[in-house]
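Tertiary structure, described
Given next are the chains, with one letter for each unit.
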Amino acid sequence: MFDALQLFRLDNRVALVTGGSKGLGKAMALALAGAGADVAISSRHLDEAEAAAQEIAEATGRRVIPIRADVTSADDVNAMVDQVVRELGRIDILVNNAGINRRGPILELDVETWHQIIETNLTGPWLCAKAVGPHMIAQRWGRVINVSSILGLVGLEERTPYASSKGGLIQMTRTLALEWAPYGITVNALCPGPIMTAINEVFKQNLEAYEAFRRRIPLGRWGDPEDIQGAVLFMASEASRFMTGAVIVVDGGWTAQ
Ligand code: NAD
């Protein structure tokens, strides 16, 4: 009997999810572990990574290790990847998820804010890819999943640093996909639409803006973190083996308009 779901299994795979202690990162780490992978989740706060790792391990029966690392620090990133390989034996899947946002008109944003967002959302994924590259190249297999955003594809006022970082991440995805295609490593971008997590906390204080966003989403609701689990499993597994340099949008229809 042909079991098509085998295509999505991640048995014997090891995944690293940056910023994996909450929000979309935690939902993706849970999905990867639930499909059979051992998972490392990194956070700037070890206690938060520990709590999430324990929760995911209990829910899936997989090995899930917490790591403290700031993705803007090359030293932290290199130590993080070394720890994954040392403790879990290999690294097959990198989910570049850690990210931040600060909103405001350009005239009210300072350049430090710009640098902070670009460092986290663009330099961070670049450093992480660079650190996992030698391992993936040596084994001739790898999956790099860059969590961009619909704002990497379309504009929205008062998001100049964030949209620039996410657009840049899509171009990094395409370029690295070409660079690493000869080694059997695929590099793809995932662009979520509005999903209620800590990054969108401001909308809880501004119900009008929350509703305005909801009305703009054709499927009629904000997303839940679990809504991207299917996409990340596809992108991490054999199911997506002929896809690289691609951009997958999971946005309730926002960018279809
Ligand atoms: P979140 O704030 O819950 O999670 C972001 C995570 O990144 C947190 O765990 C945070 O601690 C971590 N992080 C931030 N800076 C870091 C650093 N320097 N080093 C290590 N970790 C760091 O928000 P989320 O919604 O789960 O966001 C996850 C990703 O999804 C982000 O890249 C975000 O831009 C992207 N995204 C989110 C949405 C949405 O609507 N929620 C939409 C599109 C894209």
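The preceding data block contains the structure.
Residues numbered from 1 in each chain as written. Predicted model: local features only at pLDDT ≥ 70, side-chain atom pairs only at ≥ 80, totals over all residues. Heavy atoms only, no water.

This next bit is on the packing of helix α4 (residues 111-139) against helix α5 (residues 160-180). Closest axis-to-axis distance for the α4/α5 pair is 8 Å, and the angle between their directions is 15 degrees. The angle between the axes of α4 and α5 places the two elements in the roughly parallel class. α4 and α5 meet at a crossing whose hand is right-handed. Packed against α4, whose contacting residues are Trp114, Ile117, Ile118, Asn121, Leu122, Pro125, Trp126, Ala129, Gly133 and Ile137, the element α5 presents Thr160, Pro161, Tyr162, Ser164, Ser165, Lys166, Gly168, Leu169, Met172, Leu176 and Trp180 at the interface. (Axes fitted to C-alpha atoms, helices over the stretch in contact; angles between N-to-C directions. Helix = DSSP H or I, 4+ residues; strand = E, 2+ residues; numbered from the N terminus. Parallel < 35°, antiparallel > 145°, perpendicular 65-115°, else oblique. Left-handed = near helix turned anticlockwise from the far one by under 90°. Contact = heavy atoms within 4.5 Å.)

Time to look at the environment of Met172. By secondary structure assignment, the location of Met172 is in helix α5. Ignoring any residue separated from it by four or fewer positions in sequence, one finds Met172 in contact with Leu122, Pro125, Trp126 and Asn146.

Attention now goes to the pattern of salt bridges. Tallied over the entire structure, the rule returns 13 salt bridges. Here Asp227 ties to Arg221 by a salt bridge, and the two come within 2.8 Å at their closest N and O atoms. Look at the salt bridges and you will find they share partners, linking Arg13, Arg90 and Asp92 into a network. (Salt bridge = Lys/Arg side-chain N within 4 Å of Asp/Glu carboxyl O.)

Next up on the list: the pairing of strand β5 (residues 142-147). In terms of burial, β5 is a largely internal element, six of the six residues being buried. Burial of the side chains of β5 extends over both faces: Gly142, Val144 and Asn146 are buried on one face and Arg143, Ile145 and Val147 on the other. Two strands pair when backbone bridges link them, and strand β4 (residues 93-96) and β5 are joined in this way by four bridges, in the parallel orientation. Across the sheet, residue Asn96 finds its bridge partner in β5, namely Asn146. Summarising the sheet, β5 and strand β6 (residues 185-192) pair through six bridges and their orientation is parallel. Bridge pairing in β6 places Val144 opposite Val187. Handedness of the crossover is the feature at issue here: the chain leaves β5, passes through α5, returns alongside β6, and the resulting connection is right-handed. (Buried < 20%, exposed > 50% of the residue type's maximum accessible area, 1.4 Å probe, protein only. Pairing = 2+ DSSP bridges. Right-handed = clockwise from strand over helix to strand, strands pointing away.)

Bringing the site of the ligand into the picture now. Surrounding the ligand, one finds 28 residues, the nearest of these being Leu24, Asn97, Tyr162, Ile195 and Thr197. Taking Tyr162, its side chain carries an N or O atom lying 2.6 Å from an oxygen atom of the ligand. Look at the ligand: alone it shows 820 Å² of surface, and the protein chains cover 96% of it. The residue makeup of the shell around the ligand, split by class, is twelve nonpolar, twelve polar and four charged. (Near = heavy atom within 4 Å. Polar contact = N/O pair within 3.5 Å; in protein donor to acceptor, adjacent residues only side chain to side chain. Areas by Shrake-Rupley, 256 points an atom, 1.4 Å probe, with all protein chains shown as cover. Nonpolar A, V, L, I, M, F, W, Y, C, P; charged D, E, K, R; others polar.)

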